Amino acid sequence: MKNKSRDIFTEIFNRQPEISIHSPGRINLIGEHIDYYGGFVMPAAIDRYIGLSIGKTLAESCSVYSAAYHEKYSIDISGVEQPIRAPWVRYFTMGLNVLAESGFHTRAFNLTIDSDLPTGAGLSSSAALLTGFIEILSVLNKWSMAREKIALLAQTIEHRLGTPCGLMDQYASLFGKKDCFILLDCANLKYREIHVRLGDYRLRLYNTKVHHELTDGGYSSRRKQGEAALEELKSFYSKGGSYRDFTMSELDQMPIFDPIQYKRAKHAITEHQRVHEFAHAVDKNNFETAGSLLYATHQSLKDDYEVSCVEADHIVEIAKLEGIAGARMMGGGFGGCVLCLMDKKYEEPFNHHLFKSYRKRFGFDPELIEFELGEREIYL
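An account of the accompanying structure is given in this report.

Conventions adopted
Residues numbered from 1 in each chain as written. Predicted model: local features only at pLDDT ≥ 70, side-chain atom pairs only at ≥ 80, totals over all residues. Heavy atoms only, no water. Helix = DSSP H or I, 4+ residues; strand = E, 2+ residues; numbered from the N terminus. Rg over C-alpha atoms; globule rule 2.2 N^0.38 Å. Buried < 20%, exposed > 50% of the residue type's maximum accessible area, 1.4 Å probe, protein only. Contact = heavy atoms within 4.5 Å. Expected span 1.5 Å × (residues − 1). Pairing = 2+ DSSP bridges. Polar contact = N/O pair within 3.5 Å; in protein donor to acceptor, adjacent residues only side chain to side chain. Salt bridge = Lys/Arg side-chain N within 4 Å of Asp/Glu carboxyl O. Axes fitted to C-alpha atoms, helices over the stretch in contact; angles between N-to-C directions.

### Topic: the overall build of the chain
Right, on to step 1. A tally of regular secondary structure across the chain gives 11 helices and 12 strands.
Right, on to step 2. Expected size for 380 residues packed as a compact globule is a radius of gyration near 21 Å; at 22 Å, the chain falls within 12% of this value.
Right, on to step 3. Expressed along its principal axes, the backbone C-alpha trace of the chain runs to roughly 70 × 50 × 40 Å.
Right, on to step 4. The 380 residues of the chain split such that 55% are buried.
Right, on to step 5. Pairs at least 24 residues apart make up 69% of the contacts formed inside the chain by residues separated by at least 6 positions.

Listed below in structure tokens is the structure:
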């Protein structure tokens, strides 16, 4: 992808770029729907990237070209919003605006963007794009911006654009390594690298290619139910903290609890425990145990947090039948991808069985997304 990114810039602007960045997408191994409760998550960067190449220009405005849309736009260097803009351009105008508000004023530039991240698969392409954009401007302008600052600015841009995200995606893209998972504490943003030796094991994604909207608001309703349950726990036991500070024993000893809130709390408490057990299993190179925890997470997301869907459940059930070490739905839910951890000897027969049964039941194929662990790359 390195040469492709630079070649696109050369073709569009008839000169070599000064800087290129490959900003990775991410997966989340375990720790689903607990980041916004101040929990632990375990993302990893993958070798699917947003590629950005940049060079200074003497023009008064900036030119930005998207290879995906085959479009080039001129944008004001201050990031001032202008009419008749393609939606993708707003990431850059809003980005320049937020940077200027924070005291970072860029020189004019030409920029190209390309990608081999699958669209709509929940691999955090927007976080990869924005962290890459901020970092490439930091290098161009010699701002020497810390990556923690880049993450916060990228999050602010997402919020301004209407996405109330946390910081897991930005941290995974910025700090991920080719041989590591990241155990990230969402309460204080401290993390540790967990070195991975997959050996004969593989990580694969299977995109259900569906997205279901729930009439009750889906994501937001579950978050409100979980927050209400947490407040009940804190009030009853007269202590502060988050779900990581409570046990299932404490939850079960509550004399009165709304059944729905109980299920949301059960997922949050048990998922915290699974994250730490998963980290220990990976440290010990015990992928069978790690896989069993993925299955347990899926069951909890299906039954207690109720964010799965029949298509994701079908993939997980076939994985169990075919001897796959572990599988779970990944992301917000109601569609999206299933993450599988498997011994490579089972991959071919699993794919054959899965595609055949999925097509028979749903009338179309899932999308297999092959990847390895990746990391951010900068070329000067």
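### Notes on helix H6 (residues 219-237)
Right, on to step 1. The end-to-end C-alpha distance of H6 is 27 Å, a good match for the 27 Å that 19 residues give at a rise of 1.5 Å each.
Right, on to step 2. Structurally, H6 contributes buried residues whose contacts are with helix H7 (248-252) and helix H8 (259-283).
Right, on to step 3. Note on H6: the residue one or two positions beyond its end, Ser 238, has a positive phi of about 50 degrees.

### Looking at the pairing of strand S9 (residues 326-330)
Here is the key point about a regular strand: its side chains alternate between the two faces of the sheet.
Right, on to step 1. Counting buried positions along S9 gives 5 out of 5 residues, so the element sits mostly inside the fold.
Right, on to step 2. Connecting S9 to the next strand, strand S10 (residues 335-343), in antiparallel fashion are 4 residues, including Gly 331 with a positive phi near 105 degrees.

### Topic: the side chain of Arg 376
Right, on to step 1. For Arg 376, the position within the fold is in the loop between strand S11 (367-370) and strand S12 (377-379).
Right, on to step 2. There is a polar contact of 2.9 Å between the side chain of Arg 376 and the side chain of Glu 135.
Right, on to step 3. Among the polar contacts listed, one links the side chain of Arg 376 to the side chain of Ser 173, at a separation of 2.9 Å.
Right, on to step 4. Excluding residues that lie within four positions of it along the chain, Arg 376 makes contacts with Ile 21, His 22, Ser 23, Pro 24, Thr 131, Gly 132, Glu 135, Arg 147, Ser 173, Leu 174 and Gly 176.

### Focus: the pattern of salt bridges
Right, on to step 1. In total, this model carries 23 salt bridges according to the counting rule given.
Right, on to step 2. Across the pair Glu 317 and Lys 320 runs a salt bridge, and its minimum N-O distance is 3.6 Å. With a gap of 3 residues between them, Glu 317 and Lys 320 both fall in helix H10 (residues 310-321), about one helical turn apart.
Right, on to step 3. Take Glu 317: its relative accessible area is 42%, and that puts it in the partly exposed class.
Right, on to step 4. Connected via shared salt-bridge partners are Arg 15, Glu 18 and Lys 56.

### Overview of unusual backbone geometry
Right, on to step 1. Positive phi is not limited to glycine here, since Lys 142 has a value of about 60 degrees.
Right, on to step 2. Locating Lys 142 in the fold gives a position in the loop between helix H3 (125-141) and helix H4 (147-160).
Right, on to step 3. Its relative accessible area of 72% is what places Lys 142 among the exposed residues.
Right, on to step 4. Positive phi is not limited to glycine here, since Glu 306 has a value of about 55 degrees.

### As for H4
Right, on to step 1. Under the 1.5 Å per step criterion, the end-to-end length of H4 is 20 Å for 14 residues, consistent within 8% with the ideal 20 Å.
Right, on to step 2. Inspection of H4 places Ile 150, Ala 151, Leu 153, Ala 154, Gln 155, Ile 157 and Glu 158 among the buried residues, and these make up the whole buried set.
Right, on to step 3. Considering only its buried residues, H4 is in contact with helix H2 (90-101), H3 and helix H5 (168-175).
Right, on to step 4. Among the residues trailing H4, Gly 162 stands out with phi positive, at a value near 100 degrees.

### Focus: the sheet that holds S9
Right, on to step 1. Ordered by their spatial adjacency, 4 strands build an open sheet running S9-S10-S8-S11, and the pairing between neighbours is antiparallel. In this open sheet, the two edge strands, each paired with only one partner strand, are S9 and S11. Pairwise comparison of adjacent strand axes, ignoring direction, gives a mean angle of 25 degrees for this sheet.
Right, on to step 2. Of the pairings in the sheet, the one linking strand S8 (residues 201-211) to S11 comprises 4 bridges and is antiparallel in character. The partner of Arg 204 across the bridge, within S11, is Glu 370.
Right, on to step 3. Contacting S8, S9 and S10, H10 runs over the sheet at an angle of about 150 degrees to S8.
Right, on to step 4. Sheet strands in contact with helix H11 (residues 347-362) are S8, S10 and S11, and its direction is about 10 degrees off that of S8.

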